[in-house]
Amino acid sequence: MVDEKAIELAKKIVELDLLRDEIWEDFARLAGDKAYELLRYIQNHSA
């Protein structure tokens, strides 16, 4: 039997993944062709 906490964490991961997809679509729409470049820049310059 899988631990109930593990199941809850798995559900949260799925929810976050779906939210990430939604956010990416909005971001890509706003950033256009520079979306990947901007994302990488932010990733590399964040604390």
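Summary of the structure given here. Keep in mind that this is a model prediction, so the values were computed, not measured. (Residues numbered from 1 in each chain as written. Predicted model: local features only at pLDDT ≥ 70, side-chain atom pairs only at ≥ 80, totals over all residues. Heavy atoms only, no water.)

Helices and strands together make up the secondary structure of the protein, namely two helices and zero strands. Reported as C-alpha extents along the three principal axes, the dimensions of the protein are approximately 45 × 25 × 10 Å. Going through the 47 residues of the protein one by one, you find that 2% of them count as buried. Surface accessibility of the protein: about 4600 Å² in total, with carbon and sulfur atoms responsible for 60%. (Helix = DSSP H or I, 4+ residues; strand = E, 2+ residues; numbered from the N terminus. Buried < 20%, exposed > 50% of the residue type's maximum accessible area, 1.4 Å probe, protein only. Areas by Shrake-Rupley, 256 points an atom, 1.4 Å probe, with all protein chains shown as cover.)

So, on to helix α1 (residues 4–31). In this model α1 runs 40 Å from its N-terminal to its C-terminal C-alpha over 28 residues, within 8% of the 40 Å that 1.5 Å per residue would give. Where α1 begins, one side-chain oxygen reaches toward the backbone nitrogen of K5, 2.6 Å away; that side chain belongs to D3. Just past α1, the residue G32 takes up positive phi, approximately 60°. (Expected span 1.5 Å × (residues − 1). Polar contact = N/O pair within 3.5 Å; in protein donor to acceptor, adjacent residues only side chain to side chain.)

Applying the stated rule across the entire model yields two aromatic pairs. An angle of 55° between the planes, with centres 5.4 Å apart, marks the rings of W24 and F27 as tilted. In this pair, W24 and F27 both sit in helix α1, three residues apart, roughly one turn of the helix. Taking 5.1 Å as the distance between ring centres and 45° as the angle between the ring planes, the aromatic pair formed by W24 and Y36 counts as tilted. Linking W24 in helix α1 with Y36 in helix α2 (residues 35–44), this pair joins segments that are 12 residues apart in sequence. A connected cluster of aromatic rings, assembled from ring pairs, spans W24, F27 and Y36. (Phe/Tyr/Trp six-rings, centres within 6.5 Å; stacked < 30°, edge-to-face > 60°.)

This part is about the packing of α1 against α2. Between α1 and α2, whose axes approach to 9 Å, the crossing angle comes to 110°. By the angle class used here, α1 and α2 are roughly perpendicular. From α1, W24, F27, A28 and A31 reach across to α2, where they touch A35, Y36, L38 and L39. Across the contact of α1 with α2, the residue classes tally to eight nonpolar, no polar and no charged. (Axes fitted to C-alpha atoms, helices over the stretch in contact; angles between N-to-C directions. Parallel < 35°, antiparallel > 145°, perpendicular 65-115°, else oblique. Contact = heavy atoms within 4.5 Å. Nonpolar A, V, L, I, M, F, W, Y, C, P; charged D, E, K, R; others polar.)

A contiguous nonpolar patch, built from L16, L19 and I23 and spanning about 290 Å² of accessible area, is present on the exposed surface. Inspection of the secondary structure assignment puts I23 in helix α1. (Patch = residues over 30% accessible without salt bridge, like charges linked within 9 Å, V, L, I, M, F, W, Y side chains within 5 Å. Salt bridge = Lys/Arg side-chain N within 4 Å of Asp/Glu carboxyl O.)

Spatial relationships are all this shows, so hold off on functional conclusions.
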